[in-house]
Amino acid sequence: MKKILITFGTRPLAMRIAKRLGADFEILYASSEDIPELLLASGKYAKVPKGLLPTFAHEILKLSLDQEVDYVLPLGGFELEPLSTAKVLFEEYQISVLVPDKDMLETIPVMENPPADLPYRILSKGKDLLDSTTFERSLDGLFAASDSGEELALICVSK
């Protein structure tokens, strides 16, 4: 079974994503926010530095290697750029970081704290991990589609 590491793992968005992925993925969580001791003791949660710190991407990589993670899904707005920059490093270890490439990241609109009922796609190289459909653009990340389905906005919890 594939493993996915979701950052900001104590937030409701992370829980909604995990619920949808739970049948097909082993879910691990990381957060720079306070994590209750009970959750840390479960082995499914890990404390990481804030995305603004220079060690953030390396700590996520170390955690991903230790836990044999296949995918990393960053939910924090300030985590997107450092992980986008480090994507090539992660790929050397066969870990897919689900965030657009750095040059694309600056051109995609970002939606913070989406409503709970908003439908979303989790794309890896344009393939939706939720239902295996393929999107015409080879993108990575958590996206909401516009009403027409033509435009995408990257989803995060805060920026």
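Just above sits the structure.
Reference entry: report on the structure contained in this document. Note that the coordinates shown come from a computational prediction; the quantities given were computed from them, not determined experimentally.

**Digging into the nonpolar core**
Grouped together as the largest cluster of nonpolar side chains are 27 residues, with contacts concentrated most on Leu 5, Ile 60, Val 72, Leu 83, Phe 90 and Phe 143. Counting residues per element, the ones that place at least two in this core are β2 (25–31), α3 (56–66), α4 (80–85) and β10 (152–156). Top contributing element to this core by residue count: α3, with five residues. Non-local contacts of Leu 83, meaning those with residues more than four positions away in its chain, are made with Phe 56, Ala 57, Ile 60, Val 72, Pro 74, Phe 90, Val 97 and Val 99. Of all hydrophobic cores here, the second largest spans 25 residues; its members include Phe 8, Ile 17, Tyr 29 and Ala 144.

**A closer look at the side chain of Thr 7**
Structurally, Thr 7 can be placed in strand β1 (residues 2–7). One polar contact links the side chain of Thr 7 to the main-chain amide nitrogen of Leu 75, over a distance of 2.8 Å. In terms of polar contacts, Thr 7 uses its side chain to reach the side chain of Glu 79, at 2.4 Å. The residues touching Thr 7, leaving out its near neighbours within four places in the chain, are Ala 14, Ala 30, Ile 60, Leu 73, Pro 74, Leu 75, Gly 76 and Glu 79.

**Regarding the sheet that holds strand β9 (residues 141–145)**
The strand order across the open sheet formed by five strands is β6-β10-β9-β7-β8, and the pairing between neighbours is mixed. Pairing within the sheet leaves two strands with one partner each, and these edge strands are β6 (110–112) and β8 (127–128). In terms of strand pairing, β9 meets β10 through three bridges, oriented antiparallel. Bridge pairing in β10 places Phe 143 opposite Leu 154.

The rules behind the values
- Residues numbered from 1 in each chain as written.
- Predicted model: local features only at pLDDT ≥ 70, side-chain atom pairs only at ≥ 80, totals over all residues.
- Heavy atoms only, no water.
- Core = buried A, V, L, I, M, F, W, Y, C linked by side-chain atoms within 4.5 Å.
- Buried < 20%, exposed > 50% of the residue type's maximum accessible area, 1.4 Å probe, protein only.
- Helix = DSSP H or I, 4+ residues; strand = E, 2+ residues; numbered from the N terminus.
- Contact = heavy atoms within 4.5 Å.
- Polar contact = N/O pair within 3.5 Å; in protein donor to acceptor, adjacent residues only side chain to side chain.
- Pairing = 2+ DSSP bridges.

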